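Given next are the chains, with one letter for each unit.
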Number of protein chains: 2
Amino acid sequence: MTRRLMGVGRRFLELKVFGRWGSRSQRSVHHCSALVYREHTHNISNVRMEQLPLPVLRDNGVRVKMLAAPVNPADINMIQGTYAILCALPAVGGNEGVGEVLEVGDGVETVRPGDWVVPVDAGFGTWRTEAVCEEDDLITVPKDISLLGAATIAVNPCTAYRMLQDFHTLTPGSTVIQNGANSAVGQSVIQIARAMGIRTINIIRDRPNCGELVKELRDLGADYVITEDEVMSSGLQSIFQEVPKPKLGLNCVGGVSGGLLLSNLDYGGTLVTYGGMAKKPLQIPAKSLIFRNVSLRGFWMTQWKRDHRRDKAALRSMLDSLCDLVRSGRLSPPNCLQTPFPQYTLALEAAPQPHQRKHVLVM
Amino acid sequence: MTRRLMGVGRRFLELKVFGRWGSRSQRSVHHCSALVYREHTHNISNVRMEQLPLPVLRDNGVRVKMLAAPVNPADINMIQGTYAILCALPAVGGNEGVGEVLEVGDGVETVRPGDWVVPVDAGFGTWRTEAVCEEDDLITVPKDISLLGAATIAVNPCTAYRMLQDFHTLTPGSTVIQNGANSAVGQSVIQIARAMGIRTINIIRDRPNCGELVKELRDLGADYVITEDEVMSSGLQSIFQEVPKPKLGLNCVGGVSGGLLLSNLDYGGTLVTYGGMAKKPLQIPAKSLIFRNVSLRGFWMTQWKRDHRRDKAALRSMLDSLCDLVRSGRLSPPNCLQTPFPQYTLALEAAPQPHQRKHVLVM
């Protein structure tokens, strides 16, 4: 179930890491520090900071100083070799982040020195101080949002945005139900839905500090926050006296929790799965599909970006909308820890642990 | 999960059974024999033949002599009270069948005496010698196909046809995979797909007379017939060296068998569920939805007919296509037993038993 990064992604990594872009006889004039893994491993200490030469800048090339890059679960899975796409080895870790353009080739038109940019595809290798890549591999983001906001805009908020846009025509007053509501995507869903006038029913797992979490999510704009146990014991009928049943369910857990979404969807609703944290399959009774006309779909941001690689307008429009929300304070980055790049070990070790705050490496 | 028949269906049944159409003071001039159930029951002997008065014919009315009507599993489930829609009680059983128009009201335009007609919706109560209904409740079928073909065209072949038309754009050379391939729908899928130039991979449960069944299905046009056990032990890789992986899977079993369809679908494929014979839920791993972009949908012919009630052109076009196939010998009715109407007990008692041939009541 894993695929090697192909096309641009793969070539691109090799080029950046090993400076093979252009003739081998050309000497690199720049170097960078990068977090490199040379084999797939569950031992995170095998990811080491290395000095890498950067390829020389060509006509369509861009040299970027990375500013900040988060450590996301998928980054760790790629290092472990367990993700659905893998980079050619050796590779630089990190798929998301924001950089500032330092220098561009003569043929470059869409970015200029000083611009903030984010990668348009997975596999960039964002855990590095500098990178040289092609113009098409980057897209600008505005500089008047926070560094953390820019560094974390391109995966989780985009996932939330697309799922709210692409599966049902939601209008103000519509309802969406989700589990894993305190995940990074879940928090984005709450905030983007709120800005769209859409009500959210948010299911969380029972936990000791449940009251705190409920308050946090309600402060973000969650209309209803309810634990799995409460849904199982009392159902959602009291909520459905106040708001319509949801046409859209967003599932990042699976198992029983996914079933709770499914059984509370409206007739003709869609359950979109974008994660499987419980590592248990969804159980789908035939009657839900046949008589309640419920559909099950999946969503993967990486695939969306690849499908829209030649249609940057769609990505542009999404990023503009999301950055507007960030600028106006309606979409906050997740509650991150900013970790200086040299202390990367701390960030990588924390990432696979449950209930840890997300680390953002600051270069 | 059950709903009462509403709107036309409900009123219609009451009218036909108890002659309440028109003024109560008007005396009915015709009667019929009908198989009536007065409560929901698993005891099929509670379904009894009764003499019912027919309502008088009004301007938009049609009087029909029923010719033949099958006993389908859903008919039994409706009597038991376990189906997703139920008729108001007391009710006449049977949802499918063909009749000949005897008489029409002055305002009727689309059917004429002598025409063969089938009901456009579930809940007609086809187990009867005569019925009076509205013009809109019927649609004509050609008289140059067999009585059995006409009596069984409107549910199973229509289900197969729609599933092959509505979920993926299939072109000659495409592949479809299905389980329950020897069901009435499954046999229609094989034949309609064959006529469309589409290859079918047909999964059946292992059984003593497996070789016979394989031959029967291959004679119908099945490209591949394989047991669940064979799929689990050897996979379908040898088949996928000859034909492309299927974009469409048709599931009427669920449980493990549904999983075999899912795991053999192509990237971006759709699994359509129209039955749940195993009475076990589908188990759907998150990665199938996320990384293989597989979708799950449901199909219910009754709902399709209701959704298209005001668009008879779609139903007309489908029936014409199917009747063309029947006429040219490319679509055979299932291997039915023709049972004289007075011997209905035989047919009703056989229907819930496994591995029984379908009975068609001949009036």
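Everything numeric here is computed off the predicted structure, so don't read it as measured data.

A short note on the relation of the copies chain A and chain B
Here chain A sits on chain B after a turn of 180 degrees about the axis and a move of 0.0 Å along it, with an RMSD of 0.0 Å. When the rotation and shift are considered jointly, the pair of chain copies conforms to a two-fold rotation axis. The overlap is high: 100% of the interface residues of chain A also sit at the interface in chain B, so the same surface is used on both sides.

Side note on the pattern of salt bridges
Residues and elements named next belong to chain A. Tallied over the full model, the rule gives 24 salt bridges over all chains. When the shortest N-O distance is used, the salt bridge between R63 and E103 registers 2.8 Å. Of this pair, R63 sits in strand β4 (residues 61-70) while E103 sits in strand β7 (residues 98-104), and the two are 40 residues apart along the sequence. In this structure, D166 engages R162 in a salt bridge whose closest nitrogen and oxygen atoms are separated by 2.6 Å. Separated by four residues within a single helix, D166 and R162 lie in helix α4 (residues 156-166), roughly one turn from each other. Assessed through its relative accessible area of 36%, D166 is described here as partly exposed. Salt bridges sharing common partners tie together R63, E103 and E130.

Let's talk about the sheet that holds strand β6 (residues 91-92) of chain A
All names here are of chain A. Within the open sheet, the three strands sit side by side as β3-β2-β6. Their pairing is antiparallel. The open sheet has two free edges, formed respectively by β3 (48-53) and β6, since each of these has just one partner strand. One ladder, built from six bridges, connects strand β2 (residues 31-37) with β3; its direction is antiparallel. If you follow H31 over to β3, its bridge partner there is P53.

Let's talk about unusual backbone geometry
Cis geometry marks the peptide bond from A:L89 to A:P90; its omega dihedral reads -10 degrees. Note that A:P90 resides in the loop between β5 (85-86) and β6. Residues other than glycine seldom take positive phi values, yet B:K279 does so here, at roughly 55 degrees. Mapped onto the elements, B:K279 comes out in the loop between β15 (270-273) and β16 (282-284). Unusually for a residue other than glycine, B:N293 sits at a positive phi of about 55 degrees. Checked against the element boundaries, B:N293 lands in the loop between α10 (286-290) and β17 (295-298). Of the residues examined, B:N293 reaches a relative accessible area of 30% and is grouped as partly exposed.

Rules used throughout
Residues numbered from 1 in each chain as written. Chains lettered and ligands numbered in written order. Predicted model: local features only at pLDDT ≥ 70, side-chain atom pairs only at ≥ 80, totals over all residues. Heavy atoms only, no water. Least-squares fit on C-alpha atoms with pLDDT ≥ 70 in both. Contact = heavy atoms within 4.5 Å. Salt bridge = Lys/Arg side-chain N within 4 Å of Asp/Glu carboxyl O. Helix = DSSP H or I, 4+ residues; strand = E, 2+ residues; numbered from the N terminus. Buried < 20%, exposed > 50% of the residue type's maximum accessible area, 1.4 Å probe, protein only. Pairing = 2+ DSSP bridges.

Worth remembering: the numbers are spatial, not functional.
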